[in-house]
Amino acid sequence: MTLSQSIRLASPPMRNPTSAGQDSSRRRTSFPETIPGTPLGTRAVALAVALAVALALAACDVGPKYVAPSENLPGGFVAGSAVATPPADPELREWWAQFNDPLLTELIRDGDQANQSLAAALANVKAAWAGVGITESEFWPSVGLGGKYAREKVNITQVAAQGVDVSPYDVYAYGVGMSSWEIDIWGKVRNQVVAATEGANATLDSFRGLMVSIRAQIASTYIQARTLQARIEVAESVVGNLQQTVDLVALKVQHGTADQMSLDQASAELDMSASQLPQLRAAYDSTVSTLAVLCGTTTAPMMERLLASPGAIPDGPGVLSIGIPASLLERRADVQAREREYHASIATIAATEALHLPSLSLSGNFYISSNTVKGLGDISNEAYSFGPSINWLVFAGGRVNSQVAQAKARSEEALANYRNAVLTALADVESSASSVGQSQEALELQQRALTSAAAAFALAVLQFEQGLTDLTTLLSIANTLADVEDAVAQTQGLAAQDIVSLYKALGGGWETATLSEDAAAILKEKPDHVEDGWKPPTAASEPIPTPIVPTEPSTTKGQS
């Protein structure tokens, strides 16, 4: 109940026709004290507060208590040829540094500071913590100050039997009012706070997961750009070799040692190879544009940076450590987020089950009311009310039971989502580790093939110049060399991208971040509800804060 509502609910000052000219302080309504002789009903207030405190101290939580889900995890992963055995803890803090590419490191830092998806996720984290504060406010009463002026007239039919003056009169009032404040006897609010806190932690974990994903996308897209640069160089080299072949055939035609058909055949091969360049360049431009968006910039400056810092396709470590499944679940942000959502769902069940039990509320107000402005300074014109009320919902058409059933179903969904996240995390690592091993094995074979194809082409050119082989054989060997060179470039890029995918599957890299000042400021704003154990970053280069673990509710059950 607000102050204005409290004032409106009070009876208007009744005036006897013979006292119309008296001071309003004498004509005010008489409000009996709760306990005679005690101003403001002090003893009543003390009694109500003592009752509320006693009930609160004796309070207990109802509903289920959270127990962390346990999973039957394998002792290790299926190790591939590129995975270290026995398993060791992976080095994930700054995994991109293992590619030994300074520009890649710069791009990762740019993404931390300017990626707009990360900026939106940070704002979502801030909103989630604000939501926890809103939920925690239910622990406290709402008290407001207010004032009022009204010109009122009493309906004659309401007071005709009392013979009072019903002409219009002025009402001035001001005071303080406390709306209905429910004492958290059964832990409803406490469990709602736990649910909100775990939800906020899940939002923070989602931010971490997005950071891992964005960094992996930047690294993978950068590798793709370098791969396309390498493929363009290969295509240009092939075109150059074919141009030399065309020139040689044209010379032979002039000397009568080759016919026009051979020249046309060589020219056709040249044009077909050259036609691949526009497609590769278009793919490169598109990849650079994607990389620019990931790093929070536009295409032109990103294009300039790549051209100003030419480099080969990044080459990651030959052997990787992936650890054990148990440690994976502690690193994967998506697994952590699903577990926190499950924890929140358990707390929601407990908060919902508390609706079955009676609730105790306190409400009250105190105000000065008078017919004149002068009377507002007279303490004898006070009016007040304060006291507890008990409410027990005994019939609601099955609404509460349905709400509890719904909360339990949501909890089953959250548990299933958690278990699915665990299985997905294990599968991601297994698949990525296998891909790393297979791509590295394929790369070794293709590099051997490249050595053989290059030697064969050099010999074929020499034999063609000496007339020991025909043009068809030369062009066939040249096409083989071109295909192998392009395949090697693609597989080099794929092998590096597979390593990035493995790092992403391992869930690493979110422990450190070089955030923008605005992003760091969002995480610096420690909410009032966060316990002192949370340490926000003091500089843009400091780690992202660890999740907040809410205080567990009392384990006592079924007592009050």
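Reading the values: the criteria
Residues numbered from 1 in each chain as written. Predicted model: local features only at pLDDT ≥ 70, side-chain atom pairs only at ≥ 80, totals over all residues. Heavy atoms only, no water. Pairing = 2+ DSSP bridges. Helix = DSSP H or I, 4+ residues; strand = E, 2+ residues; numbered from the N terminus. Axes fitted to C-alpha atoms, helices over the stretch in contact; angles between N-to-C directions. Contact = heavy atoms within 4.5 Å. Parallel < 35°, antiparallel > 145°, perpendicular 65-115°, else oblique. Left-handed = near helix turned anticlockwise from the far one by under 90°. Salt bridge = Lys/Arg side-chain N within 4 Å of Asp/Glu carboxyl O. Buried < 20%, exposed > 50% of the residue type's maximum accessible area, 1.4 Å probe, protein only.

Draft legend 1. Structural detail: the sheet that holds strand β1 (residues 143-152). Taken in spatial order, the four strands line up as β1-β2-β3-β4 in an open sheet, and their pairing is antiparallel. Each edge of the sheet is formed by a strand with only one pairing partner; in this case those strands are β1 and β4 (382-391). Each adjacent strand pair in this sheet contributes to an overall mean axis angle of 20°, direction not counted.

Draft legend 2. Geometry of the pairing of strand β2 (residues 169-183). Bridging between β1 and β2 involves 10 bridges; their strand directions are antiparallel. Looking at the pairing, Leu145 lines up with Val176 of β2. Bridge analysis of β2 against strand β3 (residues 359-370) gives 10 bridges, and the strand direction is antiparallel. Counted as the bridge partner of Met178 is Gly364 from β3.

Draft legend 3. Focus on the side chain of Thr135. Of note, Thr135 is situated in helix α4 (residues 116-136). The residues touching Thr135, leaving out its near neighbours within four places in the chain, are Val189, Gln192, Val193 and Ala196.

Draft legend 4. Up close: the packing of helix α6 (residues 188-255) against helix α8 (residues 276-294). Running from N to C, α6 and α8 point in directions that differ by 160°, and their axes come no closer than 9 Å. Classified by the interaxial angle, the pair formed by α6 and α8 is roughly antiparallel. Our pair here, α6 against α8, has a crossing hand that is left-handed.

Draft legend 5. Examining the pattern of salt bridges more closely. A complete count under the given rule lists 16 salt bridges for this structure. When the shortest N-O distance is used, the salt bridge between Asp170 and Arg151 registers 3.0 Å. You can see Asp170 sitting in strand β2 and its partner Arg151 sitting in strand β1, a full 19 residues away along the chain. Taking the shortest distance from any N to any O, the salt bridge between Arg340 and Asp205 comes out at 2.9 Å. Of this pair, Arg340 sits in helix α11 (residues 333-353) while Asp205 sits in helix α6; the two residues are 135 residues apart in sequence, bridging distant segments of the chain. On the basis of relative accessibility, which here comes to 11%, the residue Arg340 falls in the buried class.

Draft legend 6. Up close: the environment of Lys153. Here Lys153 shows up in the loop between β1 and α5 (156-159). With a relative accessible area of 56%, Lys153 lands in the exposed category.

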